[in-house]
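Coordinate analysis (summary)
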2 protein chains.
Amino acid sequence: MIHLNEEDIAQMENRYRGNLFNTISGFKSGNLIGTTDESGNSNLAIFNSVVHIGANPPYLGFILRPTTVDRHTYENIKSTGFYTLNHVHEDFIAKAHQTSAKYDRNISEFDACGFQKQILDDFHAPYVKESTIKLGLRFEEELPITVNSTILVVGKIHHAYLDQKLIAEDGSVDLSGAGTVAISGLYEYFKPIKLKKFAYAKP
Amino acid sequence: MIHLNEEDIAQMENRYRGNLFNTISGFKSGNLIGTTDESGNSNLAIFNSVVHIGANPPYLGFILRPTTVDRHTYENIKSTGFYTLNHVHEDFIAKAHQTSAKYDRNISEFDACGFQKQILDDFHAPYVKESTIKLGLRFEEELPITVNSTILVVGKIHHAYLDQKLIAEDGSVDLSGAGTVAISGLYEYFKPIKLKKFAYAKP
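Below or above, wherever it landed, is the structure these notes cover.

Rules and cut-offs
- Residues numbered from 1 in each chain as written.
- Chains lettered and ligands numbered in written order.
- Predicted model: local features only at pLDDT ≥ 70, side-chain atom pairs only at ≥ 80, totals over all residues.
- Heavy atoms only, no water.
- Helix = DSSP H or I, 4+ residues; strand = E, 2+ residues; numbered from the N terminus.
- Rg over C-alpha atoms; globule rule 2.2 N^0.38 Å.
- Buried < 20%, exposed > 50% of the residue type's maximum accessible area, 1.4 Å probe, protein only.
- Contact = heavy atoms within 4.5 Å.
- Phe/Tyr/Trp six-rings, centres within 6.5 Å; stacked < 30°, edge-to-face > 60°.
- Least-squares fit on C-alpha atoms with pLDDT ≥ 70 in both.
- Core = buried A, V, L, I, M, F, W, Y, C linked by side-chain atoms within 4.5 Å.
- Buried area = accessible area lost by both parts, 1.4 Å probe.
- Salt bridge = Lys/Arg side-chain N within 4 Å of Asp/Glu carboxyl O.
- Pairing = 2+ DSSP bridges.
- Polar contact = N/O pair within 3.5 Å; in protein donor to acceptor, adjacent residues only side chain to side chain.

**A closer look at the overall build of chain A**
- Scanning chain A for helices and strands turns up six helices and 13 strands.
- The C-alpha atoms of chain A give a radius of gyration of 18 Å, which matches the 17 Å a tight globule of 203 residues would have.
- The principal-axis extent of the C-alpha atoms belonging to chain A is close to 55 × 50 × 30 Å.
- Buried residues in chain A amount to 60% of all 203 residues.
- Once local pairs closer than 6 in sequence are excluded, the contacts in chain A between residues at least 24 apart make up 60%.

**Regarding the packing of aromatic side chains**
- The tally for this structure, following the rule as stated, stands at 16 aromatic pairs over all chains.
- Relative to A:F190, the ring of A:F27 lies with its centre 5.0 Å away and its plane at 75°, an arrangement referred to as edge-to-face. Of this pair, A:F27 sits in the loop between α2 (14-23) and β2 (28-29) while A:F190 sits in strand β13 (residues 188-197), placing them 163 residues apart in sequence.
- Judged by relative accessible area, A:F190 falls into the buried class, the value being 2%.
- With a centroid separation of 5.9 Å and 70° between ring planes, the pair formed by B:F62 and B:Y83 is classed as edge-to-face. Linking B:F62 in strand β6 (residues 58-64) with B:Y83 in strand β7 (residues 82-87), this pair joins segments that are 21 residues apart in sequence. We note that B:F62, like B:Y83, is buried.

**Quick look at the relation of the copies chain A and chain B**
- For the pair chain A and chain B, the relating rotation is 180°, the translation along its axis is 0.0 Å, and the fit reaches an RMSD of 0.0 Å. What we have between these two chains is a two-fold relation. The position closest to the rotation axis in chain A is occupied by the C-alpha of A:P192, lying 1.9 Å away.
- With an isologous cut-off of 70% or more, the 100% of interface residues of chain A that recur at the interface of chain B puts this contact in the isologous class.

**Focus on the nonpolar core**
- Counting 68 residues, the largest nonpolar core has A:I24, A:F62, B:I24 and B:F62 as the members making the most contacts within it.
- Residues within four places of A:F62 in sequence aside, it is in contact with A:I33, A:F47, A:S49, A:V50, A:I77, A:Y83, A:I151, A:L152 and A:V153.

**Notes on the interface of chain A and chain B**
- Contacts between chain A and chain B engage 102 residues on the former and 102 residues on the latter.
- Buried area between chain A and chain B, summed over both chains or domains, comes out near 9100 Å², and the portion from carbon and sulfur atoms is 65%.
- Summed over the shared surface of chain A and chain B, the number is four salt bridges.
- The partner of B:K194 in a salt bridge is A:E188, and the shortest N-O contact between them spans 3.2 Å.

**Observations concerning the sheet that holds strand β12 (residues 182-184) of chain B**
- As summarised here, the arrangement of the six strands in space is β2(A)-β12(A)-β13(A)-β13(B)-β12(B)-β2(B), forming an open sheet in which the pairing is antiparallel. Edge positions in the open sheet fall to β2 of chain A together with β2 (28-29) of chain B, since each of these has one partner strand only.
- Here β2(A) pairs with strand β12 (residues 182-184) of chain A via two bridges, running antiparallel. Following the sheet pairing, A:S29 is matched in β12(A) by A:A182.

**Quick word on unusual backbone geometry**
All names here are of chain A.
- For the bond running from N56 to P57, omega is -5°, close enough to zero to count as cis.
- Positioned with a positive phi, D122 is a non-glycine residue whose angle comes to about 60°.
- Residue classification places D122 among the exposed residues on the basis of a relative accessible area of 77%.

**Here's the deal with the pattern of salt bridges**
- With the rule as written, the count across this model stands at 18 salt bridges over all chains.
- A:R105 is paired through a salt bridge with A:E75; the nearest N and O atoms lie 2.5 Å apart. Remark: A:E75 occurs in helix α3 (residues 70-80) and A:R105 occurs in the loop between α4 (93-98) and α5 (109-113); sequence separation between them is 30 residues.
- In this structure, the salt-bridge partner of B:D37 is B:R105, at a minimum N-O distance of 3.4 Å. Taken together, the residues span a long stretch of sequence, with B:D37 in the loop between β3 (31-36) and β4 (42-47) and B:R105 in the loop between α4 (93-98) and α5 (109-113) at a distance of 68 residues.
- Overall, B:D37 belongs to the buried group, its relative accessible area being 10%.
- Given the relative accessible area of 32%, B:R105 is considered partly exposed.
- Three or more residues are tied together by salt bridges with common partners; here these are A:D37, A:R71, A:E75 and A:R105.

**What about the environment of A:S100?**
All names here are of chain A.
- Along the polypeptide, S100 turns up in the loop between α4 and α5.
- Exposure remark for S100: the relative accessible area of 26% places this residue in the partly exposed category.
- C-alpha of S100 to C-alpha of A45: the two residues are 55 residues apart in sequence and 6.0 Å apart in space.
- Reaching out from S100, the side chain makes a polar contact with the backbone oxygen of H97 at a distance of 2.6 Å.

**Describing the side chain of B:N43**
All names here are of chain B.
- Mapped onto the secondary structure, N43 falls in strand β4.
- One polar contact links N43 to T73, side chain to side chain, over a distance of 3.3 Å.
- Non-local contacts of N43, meaning those with residues more than four positions away in its chain, are made with I33, G34, T35, H72, T73, N76, E109 and F110.

**Here's the deal with helix α2 (residues 14-23) of chain B**
- Taken across its 10 residues, α2(B) has seven buried, putting it largely inside the fold.
- Within the sequence span of α2(B), burial applies to B:R17, B:G18, B:N19, B:L20, B:F21, B:N22 and B:T23.

**Side note on the environment of B:N106**
- Within the secondary structure layout, B:N106 lies in the loop between α4 and α5.
- When the C-alpha positions of B:N106 and B:N43 are compared, they lie 9.0 Å apart, and in sequence the two are 63 residues distant.

Quick look at the structure:
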């Protein structure tokens, strides 16, 4: 076992450190965020930082890094107030990963990467037709993270679309059954295999 | 595919809604957070909300829900300024899950759940000896999330411990090789199998 201290970390080559600390926090979710700008141009971008904020009512957050392509997503969420979250399915990881490329604003990643836009129940933001689990959210608040100028964006889930068969009796969603992948770092995609489901733990 | 709207969600039975929205955001990381209080009592609790905030310097965040057992962890981090993050390995998921039980403050989950405390390089907070990847962090800031009184806690990684063989040439960590698990919701543990590693995407 090696020990990396602050000085070791500071002296690392930039991309090496980036890969190390993007992977060392553990597995992450893979979600495609769909938005449109005020002119109706659609945008689709992959995020691996979606985090559960609360269930009643249901809130989700994600981390936005203002220097990256996430910027289009952020601007669209701020100007329209709505966005969709669409699970990345194992059958389309290559196309999902391709949405992380820096496309110009006038190019829709739906078209460029080969996804079908889907409008459901008159929601303002487009869903990914190919996704087996889709959520429609409204922007609630943003929290600026002082240390490095990233932002936590918090939204409320207004709509959820999924196959009834994926929902267990206790309400939990069968992510394996949905084909949902996990992500490590920025480049690696995984298929999680169930080990065990435990009960509520008591002392 | 069913559609659940705001009204459907509001009318759900509480635990059902809790399970649904704790699982519907996708796979999560599994980390044990180790702390001590000012009297030296140690605390260990499982968290599934660790999120990458930045790599240079390296920051991680996690969501704290003030009404749960997380409270001891929070109080210790605030009073001492330090905490450890230890990956949950597939060999000890049952013990790791058991740390989510509501133990009294004077009971250490290290002892109650069968983990060995490890102090490394005089760090203030205890590591989990059994974990293959361990991080030592200093508290940096907390962001109150207005919508439901949860908190985003942000810390800086000062120390990282892992086997050199787990680090690829490009710096990325082999989480499968480390035996690190993924979590769905509050109760289900998964072993992720690698599908594919892609390159940096270009238009």
